[in-house]
Amino acid sequence: MSEWDLKILCMGAGYVGGPTMAVIAKQCPKIRVVVGDISQKQIDGWNTDELPIYEPGLLEVVKEARGRNLFFSTDLDKEIQEADIIFISVNTPTKTSGIGAGRAANIKNCELCARQIAKVAKSNKIVVEKSTVPVRTASAIQRILKSNENGNSFQVLSNPEFLAEGTAVPDLMNPDRVLIGGQQTPEGLKAAETLVSVYANWIPREQILTTNLWSSELSKLVANAFLAQRVSSINSISALCESTGADVSEISRAVGMDARIGKRFLQSSVGFGGSCFQKDILNLVYLCETYGLQECADYWRGVINMNDFQKRRFSEKVVAAMFNTVTGKKISILGYAFKKDTGDVRETPSMFVVRDLLQEGARLHIYDPQVKREDMWSEMSYTCGINHDNTPRLDESVTTEDDVYEACDGSHGVCILTEWDEFKTLDFKKIYDSMAKPAFLFDGRLICDHKALREIGFEVYAIGKPDPFKFSGV
């Protein structure tokens, strides 16, 4: 008799698979959980105290379960054969070429996982989509699995993640809901209940929702689209505020007190980033176009257009404020991650501001407490096409600093682009004294006391805030 109630394998050891499986292992000591990946470097990282991703509280969760019922492995064939439930949690990037380029999700990695499962499995399995995928992807996975020659039966479930980076561990420990979609057949419903029983070890049953496959797949895209829509909506108002003398923070507070609207995601900023929002909206755009719903596609495309406008507007404000030229000037970039409490740089707004200022000839000094220089360059090359091969003297133009005050020393302007808590308590008098004058500060996250900064001597520009030089009595 097995010592385990269930055996779970997660194919993919990234931002979703690693934390999700670590929390399942922590909460379910009678379930054997294996995180598998083809990258030996990634697996080695999970087996140390220098985890390959940064999330507050994650290391403690991993250390509690690692070696007890949580394991990390590159031997995927062996673990596929052992597992009762197999999660597919691999990257589904936006296509860069071919049909649907720039909009459609590339589900190649999901298909490769399904083919490996079909080839290797020697018994019946429950296969769970954890990756964010286009609606109807489960149908493709089912067809691949059914083509196996071993006579095995597979049930495919959809179990999308709703994690926010920086709060992944509390999101997993106390989720708003867990969504599980399956086929509405006796076998499909039984498979769904098996997965429900895993989460029910720590999540109240009424917070575990079960739906059909297609509703579950589409719900993830829609959830992210709605959240991004709110960010773009308030950011559009921030531009209007700067033109009229209104204050976007006051508007956010007034609007958010309406119970029908609520306060969440009404904080104006330089724009949204991360691996999900833009990718999922573009996926939604492509789905709408595929089904002939062009007006729907255009509506959601507008959310992306507004986000691009906000990032571009910030860069243009920096150049315009600094006498219409930043060529040769040192500019400090405080924050490169797309949000605080993570080292993730995918689609980060900071990257696009850095790109714009590089093209203007600025000398950039970047400080972020979690972002690694190699990750910064990797994403810059992938998304913006800027790398050492095609951009001369790149290392001379961009310096990464380990000390925030060194990053600001001698600077002409400071751009706050990530809302790290430590930036709220910096010694801005010390920073001001070390800078070239006039000293400019651009707050892209609305985390500073602008009145106090102006009293120190800074010339302050902030998203959605009235310029006191332009509007009196504000």
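All values derive from a computational prediction rather than experimental measurement.

Q: Help me understand the overall build of the chain in this model?
A: Tallying secondary structure elements over the chain gives 18 helices and 14 strands in all. By principal-axis analysis of the C-alpha atoms, the chain measures approximately 75 × 45 × 45 Å. Here the chain holds 474 residues, and 53% of them are scored as buried. Restricting the contact set of the chain to residue pairs at least 6 apart, pairs at least 24 apart contribute 76%. Working note: accessible area of the chain is about 21100 Å², and carbon and sulfur atoms make up 50% of it. Averaging the positions of the 54 positive and the 62 negative side-chain charges in the chain gives two centres separated by 3 Å.

Q: Sorry if this is basic, but what is going on with the packing of helix H5 (residues 108-120) against helix H6 (residues 137-146) here?
A: Between two packed helices, the angle of one axis relative to the other and the distance separating the axes together describe the packing. Where H5 contacts H6, the two axes come as close as 8 Å, and the packing angle between them is 25°. Considering the angle they form, H5 stands roughly parallel to H6. Seen along the crossing, H5 lies across H6 with a hand that is right-handed. Residues Glu111, Ala114, Arg115, Ile117 and Ala118 of H5 touch H6, and the partners they reach there are Ile141, Ile144 and Leu145. Residues that form the contact of H5 with H6 fall into these classes: six nonpolar, no polar and two charged.

Q: Just checking my understanding: could you explain helix H11 (residues 277-290) for this structure?
A: If you check H11, its first and last C-alpha atoms are 20 Å apart, about what 14 residues at 1.5 Å a residue would give, namely 20 Å. The buried fraction of H11 amounts to eleven of the 14 residues, a majority that puts the element mostly inside the structure. Taken together, the buried positions of H11 are Phe277, Gln278, Lys279, Asp280, Ile281, Leu282, Asn283, Leu284, Val285, Leu287 and Cys288. The inward-facing, buried residues of H11 contact helix H9 (213-244) and helix H12 (294-321).

Q: Teacher, can you tell me more about the side chain of Ser131 here?
A: Note that Ser131 resides in the loop between strand S5 (125-129) and H6. Residue Ser131 is classed as buried on the basis of its relative accessible area of 8%. Once you skip the residues sitting within four places of it in the chain, Ser131 turns out to touch Ile88, Ser89, Val90, Thr92 and Cys110.

Q: Explain a negative patch on the surface here, please?
A: Taken together, the side chains of Asp402, Asp403, Glu406 and Asp409 define an acidic patch exposed on the protein surface. Within the secondary structure, Glu406 sits in helix H16 (residues 404-408).

Q: Help me understand the side chain of Lys329, please; the structure alone is not making it clear to me.
A: With respect to the secondary-structure elements, Lys329 resides in the loop between H12 and strand S9 (330-334). An unpaired buried charge is present at Lys329: no salt bridge exists, and Glu360, the closest side chain of opposite charge, is 10 Å distant. Other than its neighbours up to four places away in sequence, Lys329 contacts Met322, Phe323, Ala362, Arg363 and His412.

Q: When you look at the environment of Glu165 in this model, what are you seeing that I'm missing?
A: Within the element layout of this structure, Glu165 appears in the loop between strand S6 (154-158) and helix H7 (168-173). Each C-alpha atom, one on Glu165 and one on Phe71, is 23 Å from the other, the two residues being 94 residues apart in sequence. Apart from the residues within four sequence positions on either side, Glu165 is in contact with Tyr15, Glu55, Ser275, Phe338, Lys339, Lys340, Thr342, Asp344 and Arg346. Within polar-contact distance, the side chain of Glu165 engages the side chain of Thr342 at 3.0 Å.

What counts as what
Residues numbered from 1 in each chain as written. Predicted model: local features only at pLDDT ≥ 70, side-chain atom pairs only at ≥ 80, totals over all residues. Heavy atoms only, no water. Helix = DSSP H or I, 4+ residues; strand = E, 2+ residues; numbered from the N terminus. Buried < 20%, exposed > 50% of the residue type's maximum accessible area, 1.4 Å probe, protein only. Contact = heavy atoms within 4.5 Å. Areas by Shrake-Rupley, 256 points an atom, 1.4 Å probe, with all protein chains shown as cover. Lys, Arg positive; Asp, Glu negative; His and termini not counted. Charge placed at Lys NZ, Arg CZ, Asp CG, Glu CD. Axes fitted to C-alpha atoms, helices over the stretch in contact; angles between N-to-C directions. Parallel < 35°, antiparallel > 145°, perpendicular 65-115°, else oblique. Left-handed = near helix turned anticlockwise from the far one by under 90°. Nonpolar A, V, L, I, M, F, W, Y, C, P; charged D, E, K, R; others polar. Expected span 1.5 Å × (residues − 1). Patch = residues over 30% accessible without salt bridge, like charges linked within 9 Å, V, L, I, M, F, W, Y side chains within 5 Å. Salt bridge = Lys/Arg side-chain N within 4 Å of Asp/Glu carboxyl O. Polar contact = N/O pair within 3.5 Å; in protein donor to acceptor, adjacent residues only side chain to side chain.

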